[in-house]
Amino acid sequence: AGGDEAGGDEEGAAMGEAAAVYVPWVVRKTQIVQKFTTTGTIQMPSFVSVEVAKASRGGNTLQARVDSIDDGREDEVSMVRYNAREYVTHMTELNEELIRAWNNEERVKALKMAIQCSKLLGDSSTPQFYPSLFVLVTEVLDSFGRLVFERIKQKGLTASGKKKVRVQEFEPSDVTDEARETCKNWFYKIASIRELIPRLFMEMAIIRCYQFLHGYSEYDVALVRLAKMVRGIADPQISIYARAYLVRKCHDIDPRISVPLRHCFTDSCLAIRQVRGPFWAGKVAEGYKLSVNDYCQLLHPAVDYILACLGQHAERETCMACLREYAALAQPAEGGDGSTPGSALVLAGILSNFKASYLSGVGIQLTALITAEVERGGGGARSENLALYGLLGRALVESPPAEEQRLPLLNEIWKHVAGVRDVGTYMDLAVVYVEYVCKYFGDAELGLLLNDVVRHVAADKAWAAVQGQLRKVALNVLRHRNDLERLMGLEAWASLIDLIQGEGHKEVDLALLRLYNLQASPEAARDPVMLHLGVSLAKSLHDSITTLSTSDERREVQVLIAAFVDKVDFGADLEKHLNFVVDARRFLANLDGVTKSLVMSVLGLIAACNERVKMKHTRRTMAFVKACLAFAHVTIPAVATDKLWQLHTFLLAAQVALSAGLLSQSESLLKAALGVIPDLAVGSSAAPPDAAVLSFIPALATTLLATPAHPDGDPLLLVKALLNAIREHPWEGGAAARIEAYGSVVSLLCGLAQASAPVAVDNVESNHVLFAADEEYALDVRVTLDAVVDEAVQALKRQEEIPAPATRAALAASLLNRFLATGQLTASSSETLWDLFSIALRGASSPADRALLQRCAKYCQAIAARPGIRRARLYEELGRRMLSKT
């Protein structure tokens with residue numbers, strides 16, 4: 001299995017897109033066991049239980065091993081019968097028992113178990129189960145072969161051989177004489193097996209050990225010899241599966257070995273021809289109660305794997321040679337009924353496993369071969385033969401045929417496909433040839449083909465049974481047709497979409513909306529037909545999301561619908577755009593990501609309106625802005641799962657309102673933002689971190705600095721509301737985070753206390769103008785500032801609130817810096833700053849911390865030295881006291 005995967009991946013990358021996809025055995029074996037089973041019972045020798053009993057006796061002595069070899073009861077083992085599930089379980093246990101025996105140094109017992117298992121492959125009395133039996137038994141043989149190879153490699157390499165990393169690198173010269181003799185001994189033991197089938201399978205199981213004797217040079221000779229030996233097996237099913245095992249071993253050794261594979265394929269074709277003879281046809285009908293065609297279908301896994309390995313690295317000549325072998329096999333016998341059972345599965349294997357470029361070059365000839373196969377009926381297996389058209393179609397899609405052959409190929413093939421009565425078979429082929437038409441033809445041909453598809457599936461409501469194929473047809477069209485407007489102009493396309501339901505309809509809607517978002521220009525988005533299409537798709541996808549939908553599904557739909565909302569553009573007609581957004585909120589209300597996009601679109605409309613009127617609003621434009629703000633104010637709280645987004649968006653809307661001079665709306669939005677802060681941890685699966693909130697507060701404080709208060713109300717109403725929100729918020733960092741947030745409020749209050757506004761908005765008078773000569777306002781600002789700083793100082797002094805001295809020191813230094821940079825000293829605030837300095841000095845843990853405090857002291861002295869500075873003596877005294885401590 002490891003060799004299969006490595007070879008397939010490496011070469012698949014090297015050969016490019018034209019190479020057929022190689023399916024490794026590790027994948028195929030699981031599919032075989034699941035597909036090929038039986039409801040009856042299968043006989044198995046009872047040696048499994050006998051061997052387990054011997055293992056329990058601990059027969060690891062020399063005498064026990066001799067007795068095991070001379071045990072004459074081997075031929076007297078009775079037969080037991082199991083159902084398919086029990087058989088699989090027993091074979092799995094036997095594989096584990098063989099490995100356990102080997103690891104316990106019971107080599108003879110492991111050898112006997114492998115031989116007995118290989119004998120099971122000679123029993124084809126239950127042909128329906130034989131493919132699964134083959135998989136189970138070869139698993140045991142693979143384990144045995146791997147154990148033998150690894151033991152000789154581990155103990156039999158010279159010093160130079162052990163240095164080589166890759167198994168393929170070591171040669172016979174790297175193997176010791178003792179290991180070479182051990183290897184020969186294993187081959188001699190197997191050669192002494194009397195029966196052909198176990199002898200063949202056992203030698204194939206350890207064929208890798210030839211490397212110890214001859215390196216890679218003799219593999220071709222040994223593999224060809226084994227391929228010829230398989231001809232001695234009379235049973236067609238056993239012989240073909242034996243060739244499949246040999247081919248797998250060839251692939252494990254070197255995927256590019258081809259001569260033995262050619263022998264195996266040719267001989268398999270002869271074995272299929274043998275099944276048609278009177279002897280085997282009679283035995284299949286009377287002994288197995290099967291038709292010859294049904295019996296041949298049981299050979300498909302082996303034949304297909306042989307062709308998969310042969311076609312993986314095949315040249316064009318090998319492909320043509322295989323087609324010639326098929327042509328000989330497809331010749332009806334003289335005097336027969338004209339049928340050729342088994343020929344269709346060979347042609348299917350060729351079409352599935354050789355490079356598409358080889359097949360598309362002879363597309364006309366292959367069409368004639370398939371047509372002949374369909375007309376012969378292959379023993380009545382008409383659906384299997386019709387599937388050959390699909391395999392050829394995939395090759396034609398992957399590798400384009402000559403341009404002059406494209407239409408004749410389509411006409412000849414569709415002539416037969418259109419007459420298929422079984423809707424499932426018809427749709428399987430339609431999936432392929434719709435893609436063929438999309439890739440190589442125009443809208444007219446596509447419309448004709450889609451009309452034929454709709455006509456077939458619409459009769460008797462047959463579309464209900466082929467929803468999967470209808471979905472694939474639609475997705476194939478969307479993958480190759482990227483002009484949405486032209487596609488929607490096809491009447492057949494609309495009819496096809498109407499037939500798709502359930503999850504398939506959702507998947508098609510996703511693809512359509514994705515294409516709409518990628519291609520629709522602003523002009524096209526304003527087209528009523530295209531806009532109606534986008535709205536219909538968005539609403540359909542929105543309604544498809546339920547409580548059972550996964551987070552990935554919800555996220556994908558949200559992203560696509562939000563992109564559609566952003567795509568909509570009505571140009572200069574802003575009111576029409578607003579009406580669209582209002583309507584969209586009504587039918588797209590259950591997805592938060594879409595609601596966010598609607599809010600941002602409305603705020604964008606306000607910005608567009610401001611730009612258009614150059615901030616000189618008329619009554620009509622102002623009413624429009626107010627309507628947009630009202631929409632935002634009502635819609636933002638609907639996103640209940642993302643409080644942090646609410647916070648930032650309320651602030652953004654308030655800033656937009658302030659820029660338009662709508663003071664009452666701005667104040668209302670700011671109050672809404674402040675009301676969110678205490679509730680940030682409510683209604684959310686995870687509260688936002690302190691850092692996210694702390695980064696928001698400075699932005700809010702800057703906006704408050706430019707926002708005028710109501711003349712008849714409290715000038716600091718919003719500032720005090722911010723302080724209350726900070727106190728009520730459940731900070732993860734406790735008092736330390738709260739004090740850090742107070743730092744922004746300190747800067748805000750210091751800014752409000754200045755004579756001129758540090759931040760201003762055009763045509764909006766801030767508090768600095770409204771309360772310029774109001775001593776009561778100035779006193780209120782000073783009292784509030786002192787209270788905030790005092791509260792912070794008291795919290796810093798309480799070690800139980802902030803235990804870490806370094807944290808207290810950093811917070812104190814930050815507040816000290818903020819106040820000195822933006823505030824003005826008074827007698828009381830001077831003592832407060834001294835307290836902050838003392839706390840910062842006590843927690844200073846590095847020379848850099850002390851240097852920072854020293855610069856603060858020098859800054860105080862520098863301010864005192866400025867001419868005309870008020871209260872210079874306070875600055876000088878504070879600076880002198882600080883320097884004396886630093």
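Residues numbered from 1 in each chain as written. Predicted model: local features only at pLDDT ≥ 70, side-chain atom pairs only at ≥ 80, totals over all residues. Heavy atoms only, no water.

Enquirer: Is there a simple way to think about the overall build of the chain in this case?
Expert: Tallying secondary structure elements over the chain gives 46 helices and two strands in all. Here the chain has a C-alpha radius of gyration of 42 Å; the compact-globule value for 886 residues is 29 Å, and the former is much larger. For the chain, the spread of C-alpha atoms along the principal axes amounts to about 120 × 75 × 45 Å. Among the 886 residues that make up the chain, the fraction classed as buried is 52%. Look at the contacts in the chain between residues 6 or more apart in sequence, and 74% of them connect residues 24 or more apart. Of the accessible surface of the chain, which amounts to about 39900 Å², a share of 53% is contributed by carbon and sulfur atoms. Taken together, the 95 basic and 104 acidic charged side chains of the chain have centroids lying 3 Å from each other. (Helix = DSSP H or I, 4+ residues; strand = E, 2+ residues; numbered from the N terminus. Rg over C-alpha atoms; globule rule 2.2 N^0.38 Å. Buried < 20%, exposed > 50% of the residue type's maximum accessible area, 1.4 Å probe, protein only. Contact = heavy atoms within 4.5 Å. Areas by Shrake-Rupley, 256 points an atom, 1.4 Å probe, with all protein chains shown as cover. Lys, Arg positive; Asp, Glu negative; His and termini not counted. Charge placed at Lys NZ, Arg CZ, Asp CG, Glu CD.)

Enquirer: Please clarify how the confidence of the model for the chain should be interpreted in this entry.
Expert: Should pLDDT be low for a region, the predicted coordinates there are not to be read in detail. Averaged over every residue, the pLDDT of the chain is 86; the share at 70 or more is 90%. In the predicted structure, residues 1–18 sits below a pLDDT of 50 and forms 28 contacts with residues beyond four places in sequence or in another chain. (pLDDT = per-residue confidence, 0-100.)

Enquirer: I would appreciate a short explanation of the pattern of salt bridges in the present structure.
Expert: If charged atoms from side chains of opposite charge come close, those side chains can pair. Counted under the stated rule, the structure contains 36 salt bridges. Lys249 is the salt-bridge partner of Asp142, the closest N and O atoms lying 2.9 Å from each other. Of the two residues, Asp142 sits in helix H7 (residues 130–156) while Lys249 sits in helix H13 (residues 236–253), which places them 107 residues apart along the sequence. The pair Asp142 / Lys249 is uniform in exposure class, with both members buried. Among the salt bridges present, the one from Lys506 reaches Glu553, with a minimum N-O distance of 4.0 Å. Residue Lys506 is located in helix H29 (residues 502–519), and its partner Glu553 is located in helix H32 (residues 551–567); the two are separated by 47 residues in the primary sequence. Overall, Lys506 belongs to the buried group, its relative accessible area being 10%. Among the ionic contacts, a cluster of salt bridges with common partners joins Glu97, Arg100, Glu106 and Lys109. (Salt bridge = Lys/Arg side-chain N within 4 Å of Asp/Glu carboxyl O.)

Enquirer: Got a minute to help me understand the side chain of Thr367 in this structure?
Expert: By secondary structure assignment, the location of Thr367 is in helix H21 (residues 363–376). Of note is the side chain of Thr367, whose polar atom sits 2.7 Å from the backbone oxygen of Gly363. Contacts of Thr367, omitting those with residues within four sequence positions, involve Leu392, Leu409, Glu412 and Ile413. (Polar contact = N/O pair within 3.5 Å; in protein donor to acceptor, adjacent residues only side chain to side chain.)

Enquirer: Looking at this model, I keep getting lost on the packing of helix H25 (residues 443–458) against helix H28 (residues 491–499). Mind explaining?
Expert: When two helices pack together, you describe them by how their axes are tilted relative to each other and by the distance separating the axes. For the pair H25 and H28, interaxial distance at closest approach is 9 Å and the crossing angle is 35 degrees. Once H25 is placed against H28, the crossing between them reads as left-handed. Taken together, the residues of H28 that come into contact with H25 (itself represented by Gly447, Leu450, Asn451, Val453, Val454 and Val457) are Ala492, Trp493, Ser495, Leu496 and Leu499. Taken together, the residues of the contact of H25 with H28 break down into eight nonpolar, three polar and no charged. (Axes fitted to C-alpha atoms, helices over the stretch in contact; angles between N-to-C directions. Left-handed = near helix turned anticlockwise from the far one by under 90°. Nonpolar A, V, L, I, M, F, W, Y, C, P; charged D, E, K, R; others polar.)

Enquirer: Hey, could you run me through the packing of aromatic side chains in this one?
Expert: Pairs of aromatic rings are described using the distance from one ring centre to the other and the angle between the two planes. For the structure shown, the criterion picks out 24 aromatic pairs. Ring geometry for Tyr130 against Tyr241: centres 5.5 Å apart, planes inclined by 70 degrees, an arrangement best described as edge-to-face. Residue Tyr130 is located in helix H7, and its partner Tyr241 is located in helix H13; the two are separated by 111 residues in the primary sequence. Take Tyr130: its relative accessible area is 1%, and that puts it in the buried class. An aromatic cluster is built from Trp25, Tyr130, Phe134, Phe201, Tyr241, Tyr245 and Tyr305, whose rings are joined through pairwise contacts. (Phe/Tyr/Trp six-rings, centres within 6.5 Å; stacked < 30°, edge-to-face > 60°.)

Enquirer: Can you help me understand H21 in this one?
Expert: Given 3.6 residues per helical turn, the α-helix brings residues three or four places apart onto the same face. For H21, which comprises 14 residues, the first-to-last C-alpha distance of 20 Å matches the rise-based estimate of 20 Å (1.5 Å per residue) to within 8%. Inspection of H21 places Gly363, Leu366, Thr367, Ile370, Thr371, Glu373 and Val374 among the buried residues, and these make up the whole buried set. One face of H21 carries all of its buried residues, which in axial projection span an arc of 160 degrees. Just downstream of H21, Gly377 is the residue with a positive phi angle, here 85 degrees. (Expected span 1.5 Å × (residues − 1). Arc of directions from axis to C-beta.)

Enquirer: For this particular structure, what's the right way to read the environment of Lys112?
Expert: Mapped onto the elements of the fold, Lys112 is located in helix H6 (residues 107–120). A residue is classified by how much of its surface remains accessible, and Lys112, at 13% relative accessible area, is buried. Spatially, the C-alpha atom of Lys112 lies 31 Å from that of Gly161, the residues being 49 residues apart in sequence.

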